[in-house]
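Each chain is listed here by its residues.
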Amino acid sequence: MTDTPRESGYRPGYEVAAEQVLELIVRLGLRPGDRMPTENDLARQLGTSRTVVREAVKILSALGRVRAQKGRGLYVADDEGMLGTGRRASFFLPTDLDHVYMLFEFRRTQEMETSRLAARRATPAELRAIEDAAGVCRHGFETGREDLFNEGDDTFHTAVATASHNMFLQIAVQEARRLQAQSSLIGLRGSVGGHAAKAVEEHDAIYQAIRAGDPETAAQAAATHIDNTLEDYRREIQQRLFSSGR
């Protein structure tokens, strides 16, 4: 993916259609396992082509939100993740700003506690894993490789959660990041040139505090990181609204 289309305000039709399909699922009150309208019906309701709908369905299938059964049609997928079993969480809307902001609030609490516990409990091997992940993220930023940056970012937060030695926090961090990734895949995404420059320094601050065995400094560094990541999302949202208003 390149930044050019995003900077110009352009969004592929399948991204928009994917958002609209999720909104339609909520509007129709469909539950996991319920049958959805056909691709032709979706195309007609969304005012787009069947080809665009088919691409949108591929995205939603990859996200675990829709299940396509050959010869039988489309179904709302059963989301078996820890955060996907509740009545509300099953219908997390990746482009609903209230949902995204609540998810960031939840992530802030998680990341603060995992960093705090990691500062108390991390083993030498776990410290190396955190340091290595931060290094991969930094290398991705310095070389402009968004895939490498994202890989390092994901591994870093997973490594910190692992070092907390709390399996429930580990699962919660993984699930919250999975939901945030849905926003990224459907259009709300940061970039290597955005908050990434700060992110690599923030990762280092978290790592240094964990390595020093300073729980409160580690927790505060994690809070700063999540707050700044949220601000990056806010800026992109404002840019999109400005671009679409032209």
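Counting restarts for each chain: residues are numbered from 1 in the order of the written sequence. Reporting of local features is limited, given that this is a predicted model, to residues whose pLDDT is at least 70; pairs of side-chain atoms are given and counted only at 80 or more, and all residues count toward the totals for whole chains, interfaces and linings. Side-chain numbers come from the whole structure's heavy atoms, not from hydrogens or water.

**So, the overall build of the chain**
- Each helix corresponds to a stretch of at least 4 residues labelled H or I by DSSP, and each strand to a stretch of at least 2 residues labelled E; elements are numbered beginning at the N terminus. Check the secondary structure of the chain and you find 10 helices and two strands.
- Taken from N to C terminus, the helices and strands of the chain fall in the order α-α-α-α-β-β-α-α-α-α-α-α.
- Summary of the burial criterion: residues with accessible area below 20% of their type's maximum are buried, those above 50% are exposed, and those between are partly exposed, where the area comes from a 1.4 Å probe applied to protein chains only. When burial is assessed residue by residue, the chain has 46% of its 246 residues classed as buried.
- A sequence separation of at least 24 residues applies to 75% of the contacts in the chain between residues at least 6 apart.
- The accessible surface values rely on the Shrake-Rupley method and a 1.4 Å probe; as for residues, cover is taken only from the protein chains in view. When the accessible surface of the chain is totalled, it reaches about 12700 Å², and 52% of it is carbon and sulfur. Throughout, a contact is declared for two residues whenever any of their heavy atoms are within 4.5 Å.

**Some details on the environment of Tyr-75**
- In this structure, Tyr-75 sits in strand β2 (residues 73-76).
- C-alpha of Tyr-75 to C-alpha of Ser-61: the two residues are 14 residues apart in sequence and 9.9 Å apart in space.

**Here's the deal with the environment of Ala-17**
- Position of Ala-17 among the secondary structure elements: in helix α2 (residues 13-27).
- Note on Ala-17: relative accessible area 2%, which makes it buried.
- Counting along the chain gives 39 residues from Ala-17 to Ala-56, while the straight-line C-alpha distance between them is 5.9 Å.
- Not counting residues up to four positions away in its chain, the partners in contact with Ala-17 are Leu-46, Val-52 and Ala-56.

**Quick look at the pattern of salt bridges**
- Basic side-chain nitrogens of Lys or Arg form a salt bridge, by our definition, when they fall within 4 Å of a carboxyl oxygen of Asp or Glu. For the structure on display, the rule yields 13 salt bridges.
- Between Arg-54 and Glu-39 there is a salt bridge, and its shortest N-O distance comes to 3.6 Å. One end of the pair, Arg-54, is in helix α4 (residues 50-62); the other, Glu-39, is in helix α3 (residues 39-46), with 15 residues separating them in the sequence.
- Arg-178 is the partner of Glu-175 in a salt bridge, and the nearest nitrogen-oxygen pair spans 2.9 Å. One end of the pair, Glu-175, and the other, Arg-178, are both in helix α8 (residues 167-185), three residues apart, so they sit about a helical turn from each other.

**Some words on the pairing of β2**
- Here, any two strands with at least 2 DSSP bridges between them count as paired. For strand β1 (residues 66-69) and β2, the ladder comprises four bridges, and the chain directions are antiparallel. Note that in β2 the partner of Val-66 across the bridge is Val-76.
- What sits between β1 and β2 in their antiparallel hairpin is a turn of three residues, with Gly-71 showing a positive phi close to 80 degrees.

**Considerations on the confidence of the model for the chain**
- In this model, the chain carries a mean pLDDT of 82, and residues with pLDDT of at least 70 account for 81%.
- The spread of mean pLDDT over the elements of the chain runs between helix α1 (residues 4-7), the lowest at 37, and helix α6 (residues 124-143), the highest at 96.
- What pLDDT conveys is the predictor's confidence in a given residue, as a value from 0 to 100. Across residues 1-9 the pLDDT falls below 50, and counting only partners more than four positions away or on other chains, this stretch makes 12 contacts in the model.
- Contacts for the low-pLDDT stretch residues 84-89, under 50 throughout, to residues beyond four places or in other chains number eight contacts.

**Focus: α6**
- Expected helix span is computed as 1.5 Å times (number of residues minus one). The end-to-end C-alpha distance of α6 is 29 Å, a good match for the 28 Å that 20 residues give at a rise of 1.5 Å each.
- For α6, the full list of buried residues reads Glu-126, Leu-127, Ile-130, Ala-133, Ala-134, Cys-137 and Gly-140. Relative to the axis of α6, the buried residues are bounded by an arc of 150 degrees and lie together on one face. Relative to its buried face, α6 has exposed residues pointing more than 90 degrees away, namely Pro-124 and Glu-142.
- Just beyond α6, the residue with positive phi is Gly-144, at close to 70 degrees. Think of it as the arc spanned by the lines of direction from the helix axis to the C-beta atoms.

**With respect to helix α7 (residues 146-163)**
- The terminal C-alpha atoms of α7 lie 26 Å apart, and with 18 residues this matches the ideal 26 Å at 1.5 Å per residue to within 8%.
- Looking only at α7, the buried set comprises Glu-146, Leu-148, Phe-149, Gly-152, Asp-153, Phe-156, His-157, Ala-159, Val-160, Ala-161 and Ala-163.
- Of the residues trailing α7, His-165 is marked for its positive phi of about 60 degrees.

**Quick notes on the nonpolar core**
- By size, the foremost hydrophobic cluster in this structure holds 21 residues, and its most contacted members are Val-21, Ile-25, Met-36, Leu-42, Leu-60, Val-66 and Leu-74.
- Element by element, the count of residues in this core is highest for α2, at six residues.
- The contacts of Leu-42, once residues within four sequence positions are left out, are Leu-24, Met-36, Pro-37, Val-53 and Leu-74.
- Within the second largest apolar cluster, 17 residues are counted, among which are Ala-119, Ala-133, Ala-163 and Ala-209. Residue types Ala, Val, Leu, Ile, Met, Phe, Trp, Tyr and Cys, when buried and joined through side-chain atoms within 4.5 Å, form a set referred to as a nonpolar core.

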